[in-house]
Amino acid sequence: MKTVQMLGNRKVRVLDVPEPEPKDERVVVKIMSSALCGSESHTYHGPNTVEAPRYNAGHEGTGIVCKVDRSSVVREGDRVALYAGTPCGQCRYCLAGHWVLCERRDSAPQRFPGNHSQYVTVGDRACLPLADDVSFEIGSLLGDVLGTPFRAIKRLNVNAFDTVLITGQGPIGLSALLLCKFLNAFVIVLDINEYRLNHARKCGADVCVNPVEETDVLARLQEAAGPEGIDVALDCSANPDAQTLCLDALRRGGRMAFIGVTDQGPRINTIEHFTKKELELIGTWYSRPGDHRELETLVRRGLQASELITHGFGIDAAPEAFDTFFGGSAMKVMLDPWN
Ligand SMILES: [Zn+2]
Ligand SMILES: [Zn+2]
């Protein structure tokens, strides 16, 4: 079977490897669609690994269960969306449905090789049922790119009364925009990339701001929001300056989610941001399995998830797919392992 191998230094190659076999609760899934993710940047742009190549880390995908040893969770022929990690199913977090916080993740069967492949083996608990009326491509977007901002938006109770600022209009920021517009909020987006701003405009953003073109970005945001101010900020940029801007731009009592992943952080002024403004700040990481089912419902009711997909490639064109994805003029790039 074919799989994508990451070699570092912007190189990937497609390899033929033996098809995996099921064992115990580990099942084989025939991948039907796999999405590239910004988090693969580390492996893609990272140091050369030609001597010790890594299998791909593809973690957003859907498929059909095709070989089962002794699973009680899935059967051959099931359409499934693959949760990115495999939960132990037994710890306090798993029992509460909060799989991403699983305490015993390492004890669960790991995926092999990765979703950018024709087949993977994966722990059966990572196989979420995919409804018949949701396509494999859209199903691949539910767990991470839509699920991550969806979870933040639910926790912050974003609604039609809110004015929302979204910093960063990559795929996660665009997903946040689509979800907030679906909920009828007023949405201001910010990015330095004109391609992304144009895409956001097309997807219903009420105001698009490019900070490079503004002399006073904060004043521009406040003017766009009007006298009631900005109720909610969703940082999807992972840029410390944008995060600080969110904290400064929020109205008193505003709510904010840190969605973008960075090891740096915003410049927090404890008195100004916390004590005087009483901001509510949350961090959020991936989605819960229940979010997947709710997102299927939103797709059924008209959420324009397909706006996220701008490119598709067959697996043999994986090098081109990665080039396109990280080139700055693409949103979600999909791989079809059978094309
Ligand atoms: Zn991802
Ligand atoms: Zn667990």
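Scroll up a little and you will see the structure.
Calculation notes
- Residues numbered from 1 in each chain as written.
- Chains lettered and ligands numbered in written order.
- Predicted model: local features only at pLDDT ≥ 70, side-chain atom pairs only at ≥ 80, totals over all residues.
- Heavy atoms only, no water.
- Donors = N, O, S within 2.8 Å, 3.2 Å for Na, K, Ca; no water.
- Tetrahedral: all angles 85-135°; square planar, octahedral: opposite > 155°, others 65-115°.
- Helix = DSSP H or I, 4+ residues; strand = E, 2+ residues; numbered from the N terminus.
- Buried < 20%, exposed > 50% of the residue type's maximum accessible area, 1.4 Å probe, protein only.
- Contact = heavy atoms within 4.5 Å.
- Pairing = 2+ DSSP bridges.
- Right-handed = clockwise from strand over helix to strand, strands pointing away.

Describe the coordination of the zinc ion (ligand 1), with residues and values.
Distances from the zinc ion (ligand 1) to its protein donors, Cys-37 (SG), His-59 (NE2), Glu-60 (OE) and Asp-144 (OD), fall at 1.9 to 2.3 Å. Given four donor atoms and angles of 94 to 137 degrees at the metal, the environment of the zinc ion (ligand 1) is assigned as irregular. Between consecutive donors of the zinc ion (ligand 1), the numbers of intervening residues give the motif C-x21-H-E-x83-D. You can see Cys-37 sitting in the loop between strand 3 (26–35) and helix 1 (41–45) and its partner His-59 sitting in the loop between strand 4 (54–55) and strand 5 (60–67), a full 22 residues away along the chain. The two residues Cys-37 and His-59 agree in class, both being buried.

Let's hear about the environment of Val-28: which residues, and what values?
Note that Val-28 resides in strand 3. Here Val-28 falls in the buried class, since its relative accessible area comes to 1%. Along the sequence, Val-28 and Ser-72 sit 44 residues apart, while their C-alpha atoms lie 14 Å from each other. Not counting residues within four places of it along the chain, the set of residues in contact with Val-28 comprises Pro-20, Glu-21, Pro-22, Ile-64, Val-65, Cys-66, Lys-67, Tyr-119, Val-120 and Thr-121.

Would you mind going over the pairing of strand 9 (residues 163–167) in detail, with residue names and values included?
Judged by how many residues are buried, strand 9 sits mostly within the fold: five of five residues are covered. Bridge count for strand 9 against strand 10 (residues 186–190) is five bridges, and the pairing is parallel. In the strand pairing of strand 10, Ile-166 is matched with Val-189. Crossover connection from strand 9 via helix 4 (residues 171–182) to parallel strand 10: handedness right-handed. For strand 9 and strand 12 (residues 230–235), the ladder comprises four bridges, and the chain directions are parallel. When the sheet's bridge partners are listed, Thr-167 is paired in strand 12 with Asp-235.

Got a sec to walk through the coordination of the zinc ion (ligand 2)? Specific residues and values, please.
Only Cys-88 (SG), Cys-91 (SG), Cys-94 (SG) and Cys-102 (SG) from the protein reach the zinc ion (ligand 2) as donors, at distances of 2.3 to 2.4 Å. Considering all four donor atoms around the zinc ion (ligand 2), the spread of angles at the metal, 102 to 117 degrees, places the coordination shape in the tetrahedral class. Counting the intervening residues between successive donors of the zinc ion (ligand 2) yields the motif C-x2-C-x2-C-x7-C. The class for Cys-91 is buried, based on a relative accessible area of 3%.

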